[in-house]
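# Report on the structure
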Amino acid sequence: MSSPAQSDGATLTADAAPGETLLKVTGLQKHFPIRKGLLKRQVGAVRAVDGLDFEVRSGETLGVVGESGCGKSTMGRLITRLLEPTAGTIEFGGKDITHLGVGGMRPLRRDVQMIFQDPYSSLNPRHTIGTIVGAPFRLQGVTPEGGIKKEVQRLLSVVGLNPEHYNRYPHEFSGGQRQRIGIARALALNPKLVVADEPVSALDVSIQAQVVNLLDDLQQELGLTYVIIAHDLSVVRHVSDRIAVMYLGKIVELADRDKLYRSPMHPYTKALLSAVPIPDPSRKSAKSERILLKGDVPSPISPPSGCRFHTRCWKATEICKTTEPPLLELRPGQQVACHHPENFEDQAPQDTVLLTAAKEAAELVADEVLAESAETSAAVAKAVAAESAGSDSGEPADSAAAGSSGSDAADSAAAGSSGSDAADSAAAGSSGSDAADSAAAGSSGSDAADSAAAGSSGSDAADSAAAGSSGSDAADSAAAGSSDSDTADSSGSDSDSEPSEETVTSDGADENPKASDK
Ligand SMILES: Nc1ncnc2c1ncn2[C@@H]1O[C@H](COP(=O)(O)OP(=O)(O)OP(=O)(O)O)[C@@H](O)[C@H]1O
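Residues numbered from 1 in each chain as written. Predicted model: local features only at pLDDT ≥ 70, side-chain atom pairs only at ≥ 80, totals over all residues.

Across its full length, the protein holds 22 helices and 12 strands. When burial is assessed residue by residue, the protein has 55% of its 518 residues classed as buried. For the protein, the share of sequence-separated contacts (at least 6 apart) that also reach a separation of at least 24 residues comes to 74%. (Helix = DSSP H or I, 4+ residues; strand = E, 2+ residues; numbered from the N terminus. Buried ≥ 20, exposed ≤ 12 C-beta atoms within 10 Å, placed from the backbone. Contact = placed C-beta atoms within 7 Å.)

Let us look at the nonpolar core. Within soluble globular proteins, side chains that are nonpolar tend to cluster in buried spots. With 122 residues, the main nonpolar core has A184, V227 and V245 as its most contacted residues. Structurally, this core is a two-domain feature, drawing no fewer than three residues from each of domain 1 (59-78 + 101-240 + 455-516) and domain 2 (291-296 + 303-441). Ignoring anything within four residues of it in the chain, the contact list for A184 reads V133, L155, L156, V158 and V159. (Core = buried A, V, L, I, M, F, W, Y, C linked by C-beta atoms within 7 Å. Domains from an automatic or database assignment.)

Before going further, it helps to examine the sheet that holds strand β3 (residues 61-65). Spatial strand order, β6-β7-β8-β3-β9-β10-β12-β11: eight strands in an open sheet with mixed pairing. Two strands bound the open sheet, and with one partner strand each, they are β6 (112-115) and β11 (328-331). Strand-to-strand, the axes of this sheet are offset by a mean angle of 25°, without reference to chain direction. As judged from the three bridges shared by β11 and strand β12 (residues 334-336), these two strands associate in the antiparallel manner. By the bridge assignment for β12, L328 is matched with V336. Strand contacts of helix α5 (residues 175-187): β6 and β7 (193-197), with the helix running at about 175° to β6, the strand carrying the most contacts. (Pairing = 2+ DSSP bridges. Axes fitted to C-alpha atoms, helices over the stretch in contact; angles between N-to-C directions.)

What follows is about unusual backbone geometry. Trans peptide bonds make up most of the peptide bonds, and negative phi angles are found at most residues other than glycine. Of note in the backbone geometry, N190 takes a positive phi value of approximately 55° without being a glycine. Relative to the helices and strands, N190 is located in the loop between α5 and β7. According to the C-beta neighbour criterion, N190 is partly exposed, with 19 such atoms within 10 Å. With phi around 45°, E198 is a residue other than glycine that occupies positive phi space. One can find E198 in the loop between β7 and α6 (205-222). Owing to 25 C-beta atoms within 10 Å, E198 belongs among the buried residues under this scheme.

A word on the packing of helix α3 (residues 129-140) against helix α4 (residues 148-158). Two elements in contact, α3 and α4, have axes whose closest approach is 9 Å; the angle formed by their N-to-C orientations is 115°. As the angle between them shows, α3 and α4 are arranged roughly perpendicular. The interaxial crossing formed by α3 with α4 has right-handed handedness. Where α3 abuts α4, its residues G130, V133, G134 and F137 lie against I148, K149, V152, L155 and L156. Of the residues that constitute the contact of α3 with α4, the class distribution is six nonpolar, two polar and one charged. (Parallel < 35°, antiparallel > 145°, perpendicular 65-115°, else oblique. Left-handed = near helix turned anticlockwise from the far one by under 90°. Nonpolar A, V, L, I, M, F, W, Y, C, P; charged D, E, K, R; others polar.)

The next point concerns the pairing of strand β9 (residues 242-247). Extensive coverage of β9 is indicated by the burial of six of its six residues. Here β9 shows two buried faces, one formed by R242, A244 and M246 and the other by I243, V245 and Y247. With four bridges connecting them, β3 and β9 associate as parallel partners. Its bridge partner being in β9, V65 is matched across the sheet by V245.

What follows deals with α6. Taking 1.5 Å of rise per residue, 18 residues should cover 26 Å, and α6 covers 26 Å from first to last C-alpha, within 8% of that figure. Phi turns positive, to about 65°, at G223, one or two residues after α6. (Expected span 1.5 Å × (residues − 1).)

Counting buried positions along strand β8 (residues 225-230) yields six of six residues, so the element is predominantly enclosed. Pairing analysis gives five bridges linking β3 to β8, with the strands arranged parallel. Along β8, the bridge assignment pairs V64 with I229. Here β7 pairs with β8 via five bridges, running parallel. Bridge pairing links D197 to I229 in β8. The handedness of the β7 to β8 crossover, carried by α6, is right-handed. (Right-handed = clockwise from strand over helix to strand, strands pointing away.)

This paragraph deals with the sheet that holds strand β4 (residues 87-92). Pairing in this open sheet of four strands is antiparallel, and the strands run β2-β1-β4-β5 from one edge to the other. Strand pairing shows two members of the sheet lacking a second neighbour, β2 (41-57) and β5 (95-96), which therefore form its edges. Two elements, β4 and β5, share two bridges in a ladder whose sense is antiparallel. Residue pairing across strands places E91 opposite D96, the latter belonging to β5.

You can see K30 is positioned in strand β1 (residues 21-36). Along the primary structure K30 and L78 are separated by 48 residues, whereas in three dimensions their C-alpha atoms are 8.0 Å apart.

Here the protein averages 74 in pLDDT, while 69% of its residues score no lower than 70. Throughout residues 1-10 the model reports pLDDT below 50, and contacts reaching past four residues in sequence, or to other chains, amount to 23 contacts. Confidence metrics for the complex model read pTM 0.73 and ipTM 0.97. (pLDDT = per-residue confidence, 0-100.)

Attention shifts here to the environment of V236. Note on placement: V236 falls in helix α7 (residues 233-239). Residue V236 is classed as buried on the basis of its 26 C-beta neighbours within 10 Å. Along the sequence, V236 and R257 sit 21 residues apart, while their C-alpha atoms lie 8.9 Å from each other. Once residues within four sequence positions are removed from consideration, V236 is found in contact with G63, V65, I228, A230 and I243.

Here's what the structure looks like:
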């Protein structure tokens, strides 16, 4: 397979060598204002993204997971500059692109493309496939060798569609085929970074695996870098090199894929992982190990103080309520923001009294989980103590890493005796206070979206780009991002890029032998 069209004209950035940082995000925030009254005074803000720091390396796939409303799509639209950030910086290929205007962004549009969630609404029903996939060339004024039609037909065959269907309309295709059309459109200008927002969640399980495989093959062949946003961990597991877990606008854990799956360190990650179906019926205990989280995700309008997860965490103590844990690399290749991480030495061992909310949350967590959690923490603490006693290296990260040996939770659990301080404190904990109040403080996220001045429902990428923020360059952004022919010109008329829909990602991808080789 040959590569997609080489865009003539300059791109914004030089090629990053594989493994080099392609995208760097620092302190990224997006607060959607909530306005009320005749004068549309701002009365608050939806803190959709509230301080993200991460990097994406050239050639890798970064998976981003988290519950609905945690800010994944907003993050995706920020890094593709479909939305204007409230604060923070975005560097692409070493250049600061945070506040680039329309002109400055134009070359970037070739380098960064987006695949949207819903293939049923992200393609303009009035345009033929040829027009849709050829739109990026027209928008960027690029004429591929051999002409646009020939190149579009080549792209269609690259993504496994019949080039003869050039003149057909989106409604003549199935969901999986439509998503392939969206992928062809995203690849047209030979981008460096592709941000895929729930690329398979609107598809049937059997088709999901095909599309995941396609993305994987294209990455191998074209050297693409992906940020893949997904709802749960089962799809990203097979395509990601590293995974960021988001909760209420923040990254709570960012780790190499295998480390995250083998020994998650944030309780929220552990809970998410426990919800992934286990395809082995012989594991009788699997059901009891499932962690049910208490209540709904709190509102991003007034997120809980300290650690945002403390209102639903079975390990939360007073420090979790008062002090926000920083995202630290506790083990090589594994960053976590938690005072009482799983599979690792407790970061606040002096703070043993559980909050009331934590005791309630613990009731929903199987005893086996609590015991395992206590055992692994105790085992790691013991190993760390032994390690630092045995060597003169006092560096905590290293010794800790050695203690847990970067391997399985089970290993460290097995290695240690059940010191169970966590279990003890869980049992003994007196009422720290009622952490639930902050959770109750906000109403639902949808409320927020309703009252937000932008008026768009968070589900509409092009619209929110156009209406939500960034004034003049929004239209261009939306257009170039979704690149369906007249998005730009329409800038607010009938948008062709349309994500958003919840999904249950499937385990279908589990069966994907190719991707799982990754
Ligand atoms: N344009 C907007 N105006 C106001 N609020 C918004 C807007 N877009 C998103 N939000 C709010 O920001 C929060 C994060 O939304 P976002 O769509 O990024 O979450 P998500 O994690 O992608 O969820 P999902 O998986 O359901 O798409 C939500 O509370 C949402 O209501």
